[in-house]
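Chain and residue survey
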Amino acid sequence: MSPEPDDRDAALRANLATYTEFDERAYVNGAPHLKHTSIGRIYVGLVRDATQAVGRPASEISVLELGAGNGLASLPWLELGVKLTAVDSSREMLQRLAERSRRHGTKTTTVVAEAGDYLAASPQRFDIVTHVSMLHHVPDYAELLRASASRTRAGGALLTFQDPLRYDTMPRWQHTADRAAYFAWRLGQGNYKRGLKTRWRRLRGVYAETETVDFDEYHVVRNGVDSDAIVDLLRERFTKVTMVAYWSTYSPLLQAAGERLGLSSSFGVLATGRKPVAQE
């Protein structure tokens, strides 16, 4: 079911409220894919696989990054020297991305817009479309992926990364370990009053439009993100689709422990070989 317009508007307002006043150190502390080198290696590997699948020099490859934020997840693209277009609803975040791009000697095109609106309005196609730590914030992520695929050139690639697995597809003990790791980390972050109020809403399966954190963590109410549905959707549009599951939590100690045990809590998907639209 598609979200009501009010839901989408509330999600956008929540994202703007979260990222307009931005503490980068705190953000990295709460972003496992930026904090842990082991997860970073998985992401960089997928970026390189996507680039190689296109089959041209990186400097000739156009990349659309939706929900690009301040550019911390854009660094692999900047290092490769692709032609990057970055879309985000926060002007302040994109200004930081532009500064990073300049330091790498590259020029990034930045667009202040909500991702869905940009995809609907722009006729441009790209060799690669990418979303990092984004889908779980989007009420209708399936529709976003359909629109993203429509903006991917034939032979191109689509990449998603750092979204939580659907909870009821995980072994119960692994989901329990994931939640326990989160709460163990959360205890050291302070602001217990807000944390208890948020947890009470989670237990009741509700979210509030007035609470920024509820839309920032929309996936908790929605039972995670359906990786199987995403793979099925993309297989209709790409010749090869690979899902990578991995362990992702906030504490370095618990991250290392989960990796040693072979746990999985998050995933990324790389789809390559975009089919011509007539073949869909």
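1. Regarding the nonpolar core
For soluble globular proteins, nonpolar side chains are generally found buried alongside one another. Leu64, Leu66, Tyr118, Ile230 and Leu234 are the most contacted members of the largest nonpolar core, which has 31 residues in total. Those elements giving two or more residues to this core turn out to be strand E1 (62-66), helix H7 (115-121), strand E4 (126-132), helix H8 (141-150), helix H13 (227-235), strand E6 (238-246) and strand E7 (266-274). By residue number, the principal contributor to this core is H8, which donates five residues. Apart from the residues lying within four places of it in its own chain, the contact partners of Ile230 are Leu135, Tyr141, Leu145, Val225, Phe267 and Val269. Counting residues in each nonpolar core, the second largest holds 21 residues, with Ile39, Leu78, Leu84 and Tyr246 among its members.

2. Brief notes about the confidence of the model for the protein chain
Overall, the predicted model of the protein chain reaches an average pLDDT of 82, with 73% of residues at or above 70. Summarising per-element confidence for the protein chain, the mean pLDDT is lowest in helix H1 (residues 5-20) (44) and highest in E1 (98). Below pLDDT 50 for its whole length, residues 1-22 participates in 39 contacts with residues either more than four positions away or in separate chains.

3. Let's talk about the environment of Tyr246
With respect to the element layout, Tyr246 can be found in strand E6. Taking the C-alpha atoms as reference points, Tyr246 and Ser264, separated by 18 residues in sequence, lie 4.4 Å from one another. Setting aside residues no more than four positions away along its own chain, Tyr246 makes contact with Ile39, Ile42, Phe161, Gln162, Asp163, Leu263, Ser264, Ser265, Ser266, Phe267 and Gly268. Separated by 2.7 Å, the side chains of Tyr246 and Gln162 make a polar contact.

4. Quick look at the pattern of salt bridges
The tally for this structure, following the rule as stated, stands at seven salt bridges. Measuring nitrogen to oxygen at the nearest pair gives 2.6 Å for the salt bridge that ties Asp168 to Arg166. With relative accessibility at 29%, the residue Arg166 sits in the partly exposed group. As a salt-bridge pair, Arg237 and Glu236 come within 3.2 Å of each other at their nearest N and O atoms. Counted as one network, the salt bridges with shared partners bring together Arg56, Glu60, Asp127 and Arg153.

Thresholds, definitions, all that
Residues numbered from 1 in each chain as written. Predicted model: local features only at pLDDT ≥ 70, side-chain atom pairs only at ≥ 80, totals over all residues. Heavy atoms only, no water. Core = buried A, V, L, I, M, F, W, Y, C linked by side-chain atoms within 4.5 Å. Buried < 20%, exposed > 50% of the residue type's maximum accessible area, 1.4 Å probe, protein only. Helix = DSSP H or I, 4+ residues; strand = E, 2+ residues; numbered from the N terminus. Contact = heavy atoms within 4.5 Å. pLDDT = per-residue confidence, 0-100. Polar contact = N/O pair within 3.5 Å; in protein donor to acceptor, adjacent residues only side chain to side chain. Salt bridge = Lys/Arg side-chain N within 4 Å of Asp/Glu carboxyl O.

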